Amino acid sequence: MQVSATASVGQLVPGGLGYLRPPAEIELAAYGVDLRGLRVADIGAGEGRLALGAARRADRVLAIDPDRSALARGRAEAKRLGMRNITFREGAAQSLELADGSFEVAILSWTL
Amino acid sequence: MVDALEEARRILVDGGVLVDARPDSRVAARVRSGGARGTIIGTIGTQRETKTDDQLSDRAVRDVLRRGLFRSRRRGRIWHAIPFEDRSELQDYLGDHLRFSRRVSWRVPAAKRDGRLVVERAVRFEILERR
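Residues numbered from 1 in each chain as written. Chains lettered and ligands numbered in written order. Predicted model: local features only at pLDDT ≥ 70, side-chain atom pairs only at ≥ 80, totals over all residues.

1. Some points on the overall build of chain A
- Regarding its fold elements, chain A presents 3 helices and 5 strands.
- In chain A, buried positions account for 46% of the 112 residues.
- Long-range pairs, those at least 24 residues apart, make up 54% of the contacts in chain A with a sequence separation of at least 6. (Helix = DSSP H or I, 4+ residues; strand = E, 2+ residues; numbered from the N terminus. Buried ≥ 20, exposed ≤ 12 C-beta atoms within 10 Å, placed from the backbone. Contact = placed C-beta atoms within 7 Å.)

In structure tokens, the structure reads:
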């Protein structure tokens, strides 16, 4: 798995009102993990801000969150964007109903 | 929190990576005047309860590293810039915020706090490889 040794440490990333977290693509690039062709689980995904960004590069993305309304907003956004490689599923980080060894990348962003 | 890390490890393939990213309450957010290159004119701390939660999260990560469930591949910090039209807008934002302190610790007199402001908040991240 490709993890950059130097990507964006200490970088200043833009935000904006309505974007109280960094834009997904910029945040993911800062972490330096190349998601191309990988299976990604975004645990505690909320409405999928980061998951939708990850889905632009990953093979497929599963966005997991206990908040049904947030998941519904994420699904609607994925549909609006025409993204077919992202799935939204209700679940809790402490008990994921997923098979062992089924993802190359797991994301806990603002979750722990 | 350890439960969540253990579950994340379980669904990862060998050598898979876990991205842990969180606001960094170890450093205060910076308030700049004007824009992203403006002078730092204040700082914003973190609410005490939130700091305690963050310390528990840190402890959970240390625990899974110590137990050899993951190894740390890389860690770092990015700064997220959030613009505000003026001090009043920033104060409204802080009034509703669950993490930040309610008040700015200003470094300059009130007369020098007018105009656009940018808050830079630290986000820490660590890339953990499943072992």
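2. Here's the deal with the overall build of chain B
- A count of helices and strands for chain B gives 3 helices and 6 strands.
- Taking 131 residues into account, the globule formula puts the C-alpha radius of gyration at 14 Å, and chain B, at 18 Å, lies well above it.
- By its C-alpha atoms, chain B is 55 × 30 × 20 Å across when sized along the principal axes.
- In chain B, 82% of the contacts between residues at least 6 apart in sequence involve partners at least 24 apart. (Rg over C-alpha atoms; globule rule 2.2 N^0.38 Å.)

3. Notes on the confidence of the model for chain B
- In the predicted model, chain B carries a mean pLDDT of 93, and 100% of its residues have values of at least 70.
- Scored by ipTM, the complex comes to 0.87, with pTM at 0.86. (pLDDT = per-residue confidence, 0-100.)

4. What to know about the pairing of strand β6 (residues 117–130) of chain B
All names here are of chain B.
- For β6, a buried count of 11 out of 14 residues is recorded, marking the element as mostly surrounded by other parts of the structure.
- Looking at chain direction, strand β1 (residues 12–23) and β6 are connected through 7 bridges and run antiparallel. Bridge pairing links P23 to V123 in β6.
- As judged from the 4 bridges shared by strand β2 (residues 29–33) and β6, these two strands associate in the antiparallel manner. By the bridge assignment for β6, R30 is matched with E120.
- Bridge count between strand β4 (residues 70–84) and β6: 14 bridges; the pairing is antiparallel. Bridging across to β6, R74 finds its partner in I127. (Pairing = 2+ DSSP bridges.)

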